[in-house]
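Okay, here's what each chain looks like letter by letter:
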Amino acid sequence: MAKPAQGAKYRGSIHDFPGFDPNQDAEALYTAMKGFGSDKEAILDIITSRSNRQRQEVCQSYKSHFGRDLMTDLKSEISGDLARLILGLMMPPAHYDAKQLKKAMEGAGTDEKALIEILATRTNAEIRAINEAYKEDYHKSLEDALSSDTSGHFRRILISLATGHREEGGENLDQAREDAQVAAEILEIADTPSGDKTSLETRFMTILCTRSYPHLRRVFQEFIKMTNYDVEHTIKKEMSGDVRDAFVAIVQSVKNKPLFFADKLYKSMKGAGTDEKTLTRIMVSRSEIDLLNIRREFIEKYDKSLHQAIEGDTSGDFLKALLALCGGED
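Residues numbered from 1 in each chain as written. Predicted model: local features only at pLDDT ≥ 70, side-chain atom pairs only at ≥ 80, totals over all residues. Heavy atoms only, no water.

1. Remarks on the nonpolar core
Phase 1 of the analysis: Counting residues in each nonpolar core, the largest one holds 102 residues, and the members touching the most others are I235, F247 and M283.
Phase 2 of the analysis: Broken down by element, this core gets its largest block of residues, 13 residues, from helix α15 (residues 241-269).
Phase 3 of the analysis: If we ignore the near neighbours within four places in the chain, the residues touching F247 are H153, I157, F204, M205, L208, I235 and M239. (Core = buried A, V, L, I, M, F, W, Y, C linked by side-chain atoms within 4.5 Å. Buried < 20%, exposed > 50% of the residue type's maximum accessible area, 1.4 Å probe, protein only. Helix = DSSP H or I, 4+ residues; strand = E, 2+ residues; numbered from the N terminus. Contact = heavy atoms within 4.5 Å.)

2. Digging into the domain arrangement of the protein
Phase 1 of the analysis: Segmentation of the protein into domains returns domain 1 (22-78), domain 2 (93-163), domain 3 (173-255) and domain 4 (257-326).
Phase 2 of the analysis: Of note, the centres of domain 2 and domain 3, computed from C-alpha atoms alone, are 23 Å apart.
Phase 3 of the analysis: Across the contact, eleven residues belong to domain 2 and 14 residues belong to domain 3.
Phase 4 of the analysis: Note on domain 2 versus domain 3: buried area summed over both sides is about 1100 Å², and carbon and sulfur give 70% of it.
Phase 5 of the analysis: Across the domain 2-domain 3 interface, the total number found is zero salt bridges.
Phase 6 of the analysis: Taken together, domain 2 and domain 3 are joined by two residue pairs in polar contact (both at pLDDT 80 or more).
Phase 7 of the analysis: When residues of the side of domain 2 that touches domain 3 are traced back to their parent elements, those giving at least two are α7 (112-119) and α10 (152-162).
Phase 8 of the analysis: Partitioning the side of domain 2 that touches domain 3 into residue classes produces five nonpolar, three polar and three charged. (Domains from an automatic or database assignment. Buried area = accessible area lost by both parts, 1.4 Å probe. Salt bridge = Lys/Arg side-chain N within 4 Å of Asp/Glu carboxyl O. Polar contact = N/O pair within 3.5 Å; in protein donor to acceptor, adjacent residues only side chain to side chain. Nonpolar A, V, L, I, M, F, W, Y, C, P; charged D, E, K, R; others polar.)

What follows is the structure in structure tokens.
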């Protein structure tokens, strides 16, 4: 299921550090933060070149050697965008995602784009781990949180995605034709014999939220044969608001997940001002999964490398840390 359509393997830019010694790293971090002012370079260097699993070991060593909490010490030494990035890298992935979802629902407004970006792209296993982490960290189920913070059809889509019950199998051609027909009816290309919009919408949601990725790719192909339209383009044209954004994200993720993230990274750095939160969230969460694929999609589509884009848009230690995660120039 984790394979993109091209059959290429997903590859991250961060891997286990060879010759890793958690005690040595703990010692070096302690030294870097001791006394007045901190050696940010040393902190960055260690944390961005270790895998998440290794960082967890460093946390343990740090605690047993110094009787101190590494996260707390880091928080007191670094701030702003850099802190968000480094502290994000220190969290286990499921807890990091849970925190991002929590943040997206905090305060007055909801960050629907962040909710969609996470829930529409994670695998079943990842979603289940996020549910557990959410409950552990916030003593409330993710479903309850989504329920109280969103509404209507959009809420139903998010809750469906948050169950992590997407089918894992291959495609079923007859089913795919039927699914494509439902899509054509709901997107108002085909005549609706049933006439019942609500039940059709629910069926469309079920298709996009529960069918397997290989099956949905087949559905999209059947949709084109049937209507001469691309399903993504049609959703954009016929739907609106958060529901449209959620469905588009699912379709893009199914078609090519690394490209979905490459687009998001590009948008986070486009125009005046940088959306550091999105930039950080994607760089942190994809660093060990498919950041190399994202880099490839980025340069192919935008004619400049992710490395160049980051260099042109950020500065200082934040820039250094992002480039370390990026892992090279294309």
